[in-house]
Amino acid sequence: MTTAKNALRQHMARLKALHQDTAASDSEKAMAALETHPAFQVAKTVLLYYSLPDEVNTHGLIERWYRRKRLLLPVVKGTELELRLYRGSNHMATGAFGIAEPEGTPFTDYAAITLAVVPGMAFDVQGNRLGRGKGFYDRLLPQLMQARKIGICFPYQLTDNIPADPSDFRMDDIITG
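Numbers given for residues are sequential positions, taken from 1 along each chain in its written order. Local features in this predicted model are restricted to residues of pLDDT 70 or higher, and side-chain atom pairs are both shown and tallied only at a pLDDT of 80 or more, whereas totals for entire chains, interfaces and linings draw on every residue. Remark: hydrogens and water are excluded; side-chain values derive from all non-hydrogen atoms of the structure.

**Q** Can you break down the layout of surface pockets residue by residue, with the values?
**A** Whether a set of points on the 1 Å grid over the protein atoms alone is a cavity depends on a 1.4 Å probe fitting there but being unable to get out, while an open set qualifies as a pocket with protein on both sides within 12 Å along at least five of seven lines; lining residues are those with an atom within 4 Å of a point. Grid points are joined across faces, edges and corners, and a volume is the space filled by probe spheres set on the points. Estimated volume of the largest pocket: approximately 780 Å³. The set of elements that each furnish at least two residues to the lining of the largest pocket consists of α1 (2-18), β2 (70-77), β5 (100-102), β9 (129-130), α5 (136-140) and β10 (148-153). At seven residues, α1 tops the list of elements feeding residues into the lining of the largest pocket. Each residue gets one of three labels, nonpolar for Ala, Val, Leu, Ile, Met, Phe, Trp, Tyr, Cys and Pro, charged for Asp, Glu, Lys and Arg, and polar for the others, Gly among them. For the lining of the largest pocket, the residue count by class is 20 nonpolar, eight polar and twelve charged. Volume-wise, the second largest pocket comes out at about 190 Å³. Taken together, 15 residues make up the lining of the second largest pocket; nearest its centre are A24, S27, E28, N57 and H59. Those elements giving two or more residues to the lining of the second largest pocket turn out to be α2 (23-36) and α4 (59-65). Here a helix means four or more residues in a row that DSSP labels H or I, a strand means two or more in a row labelled E, and each is numbered from the N terminus. Ranked by residues supplied to the lining of the second largest pocket, first place goes to α2 with five residues. Residues that form the lining of the second largest pocket fall into these classes: seven nonpolar, five polar and three charged.

Written out as structure tokens, the structure reads:
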């Protein structure tokens, strides 16, 4: 199954190159859809991600909402994701893989997280997610059983079928731009 997943990752990378001119507008559409989603509207504590250049851009949404909701961002620690409270762009540092990560103490009250917004290289209509292959979210998401899981992607990243392993974690909803 890893071969099929790697082939799909390569295919998504090729599609990304073809869709760069719509990335900004698709990101805005996806973030607008997230902001109006009922789960986001009622959530007080939200797990988000600080987007990489090839992901749906979350930076503007994070800046708009971090004073009104408790927004958590992941920090890579070895093979795990540690969660930390976002307290503004001046409290960020470059972490593993060159990703901007919040400084501060770990957030461990997983039961308080009611919404998890998750990036992916691709999603399918059944809610299966294709990540980058390191399994970070597959290890984190089972700890957030009470949270609604929303996958965020560009329209070209939504596909009919993704090969799923038993350790893969399914999303409740998928939002595209």
